[in-house]
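As a plain string of letters, each chain reads:
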Amino acid sequence: MRIALYGNVANNCYQIANALQSYSDIDVHLCLDTREKSAFLPENDNPALKDNYPDWIHELALNPLNTLLTPWRSPLIAELERYDFILVSGFGPVFAQFLKKPWCFYTTGADLTLTPFPADFLFYYPTLKSKLFHFIIGWWQRRAMHHAMEIWTQ
């Protein structure tokens, strides 16, 4: 079985992938957006990984405009389609809803409580551009949750 994880919020997906790599025979891969915040990169938890990712960690340059307007055209979709099962967090459901493979939404906080409901959190977004971005991404996130095979939360 091949599993892909995307949406490495605070390295949750990295820790899951690392544990599965270390303690099972599951072929698990972590997909990262190269524009991620440094706190969301594996080397934040394991400094030895800086500029030295193992072959199961894949970096993708995702265009935020495509994410917002046409997520089904993202190169992430083609990457994730290579796997049997996909686990997503963060903005991952925005993409995963267009997959033909089974996927689950592993919630990590704001991806479930804040992102889908931007109107309730307008004070969180200081600029008009950020408000507009979050209204659109919030719509995609709400839509995506209806397409998830399951929603996992803690």
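Please read these numbers as outputs of a predicted model, since none were measured by experiment. (Residues numbered from 1 in each chain as written. Predicted model: local features only at pLDDT ≥ 70, side-chain atom pairs only at ≥ 80, totals over all residues. Heavy atoms only, no water.)

K.L.:
Would you mind going over the nonpolar core with me for this structure?
P.N.:
Within soluble globular proteins, side chains that are nonpolar generally end up buried alongside one another. Core analysis: the biggest nonpolar cluster contains 19 residues, and Tyr6, Leu76, Leu80, Ile86 and Trp103 have the highest contact counts within it. Broken down by secondary-structure element, the contributors of at least two residues to this core are β1 (2–6), α3 (75–80), β4 (85–88), α4 (92–96), β5 (103–106) and α6 (128–145). Counting 16 residues, the second-largest nonpolar core is a separate cluster that includes Ile3, Cys13, Tyr14 and Leu87. (Core = buried A, V, L, I, M, F, W, Y, C linked by side-chain atoms within 4.5 Å. Buried < 20%, exposed > 50% of the residue type's maximum accessible area, 1.4 Å probe, protein only. Helix = DSSP H or I, 4+ residues; strand = E, 2+ residues; numbered from the N terminus.)

K.L.:
I keep staring at the packing of aromatic side chains and nothing clicks. Help me out?
P.N.:
For any pair of aromatic rings, the description consists of the separation of the ring centres together with the inter-plane angle of the planes. Evaluation of the coordinates by the stated rule reveals 12 aromatic pairs. Ring centres of Tyr124 and Tyr125 lie 6.2 Å apart, and the angle between their planes is 65°; on these two criteria the pair is classed as edge-to-face. With a relative accessible area of 51%, Tyr124 lands in the exposed category. The buried category is assigned to Tyr125, whose relative accessible area is 4%. Counting every residue linked through ring pairs, the aromatic cluster contains Trp72, Phe98, Trp139 and Trp140. (Phe/Tyr/Trp six-rings, centres within 6.5 Å; stacked < 30°, edge-to-face > 60°.)

K.L.:
Explain the side chain of His134 to me, please; I cannot follow it from the model alone.
P.N.:
For His134, the position within the fold is in helix α6. Note on His134: relative accessible area 15%, which makes it buried. Polar side-chain contacts of His134 include one of 2.9 Å to the backbone oxygen of Ser130. Residues in contact with His134, not counting those within four places in the same chain, are Thr115, Pro118 and Tyr125. (Polar contact = N/O pair within 3.5 Å; in protein donor to acceptor, adjacent residues only side chain to side chain. Contact = heavy atoms within 4.5 Å.)

K.L.:
How should the sheet that holds β5 be read in this particular structure?
P.N.:
Remark on secondary structure: sheet strands pair via backbone hydrogen bonds, oriented parallel or antiparallel. The strand order across the open sheet formed by six strands is β3-β2-β1-β4-β5-β6, and the pairing between neighbours is parallel. Unpaired on one side and paired on the other, β3 (57–60) and β6 (150–152) mark the two borders of the sheet. Neighbour-to-neighbour, the strand axes of this sheet turn through a mean angle of 25°, independent of strand direction. The sheet contact formed by β1 and β4 spans four bridges and is parallel. Along β4, the bridge assignment pairs Ala4 with Ile86. Strands β1, β2 (27–33), β3, β4 and β5 of the sheet are contacted by helix α1 (residues 12–23), whose axis makes an angle of about 160° with β2. (Pairing = 2+ DSSP bridges. Axes fitted to C-alpha atoms, helices over the stretch in contact; angles between N-to-C directions.)

K.L.:
Honestly, α1 in this entry has me stumped. Any pointers?
P.N.:
Structurally, the α-helix is built with 3.6 residues per turn, so residues lying three or four positions apart point the same way. The terminal C-alpha atoms of α1 lie 17 Å apart, and with 12 residues this matches the ideal 16 Å at 1.5 Å per residue to within 8%. Those residues of α1 not exposed but buried are Cys13, Tyr14 and Ala17. All buried residues of α1 lie within an arc of 100° about the axis, which places them on one face of the element. Packing partners of the buried residues in α1 comprise β1, β2 and β3. (Expected span 1.5 Å × (residues − 1). Arc of directions from axis to C-beta.)

K.L.:
It is not clear to me how the pattern of salt bridges should be interpreted in this structure. Could you clarify?
P.N.:
Where charged atoms from two side chains of opposite charge come close, those side chains can pair. Taken as a whole and assessed by the stated rule, the structure comprises three salt bridges. Among the salt bridges present, the one from Arg35 reaches Asp33, with a minimum N-O distance of 2.7 Å. We classify Arg35 as partly exposed; its relative accessible area is 44%. Between Arg82 and Glu79 there is a salt bridge, with the nearest N and O atoms lying 2.9 Å from each other. Residue classification places Arg82 among the partly exposed residues on the basis of a relative accessible area of 43%. (Salt bridge = Lys/Arg side-chain N within 4 Å of Asp/Glu carboxyl O.)

K.L.:
Teacher, can you tell me more about unusual backbone geometry here?
P.N.:
A positive phi is found at Ala10, a non-glycine position, where the angle reads about 50°. Counting through the fold element by element, Ala10 comes out in the loop between β1 and α1. A relative accessible area of 48% means that Ala10 is categorised as partly exposed. Unlike most non-glycine residues, Asp51 shows phi in positive territory, near 60°. Its place among the elements puts Asp51 in the loop between β2 and β3. Residue classification places Asp51 among the exposed positions, given a relative accessible area of 74%.

These results come straight from atomic positions and should not be treated as a statement about function.
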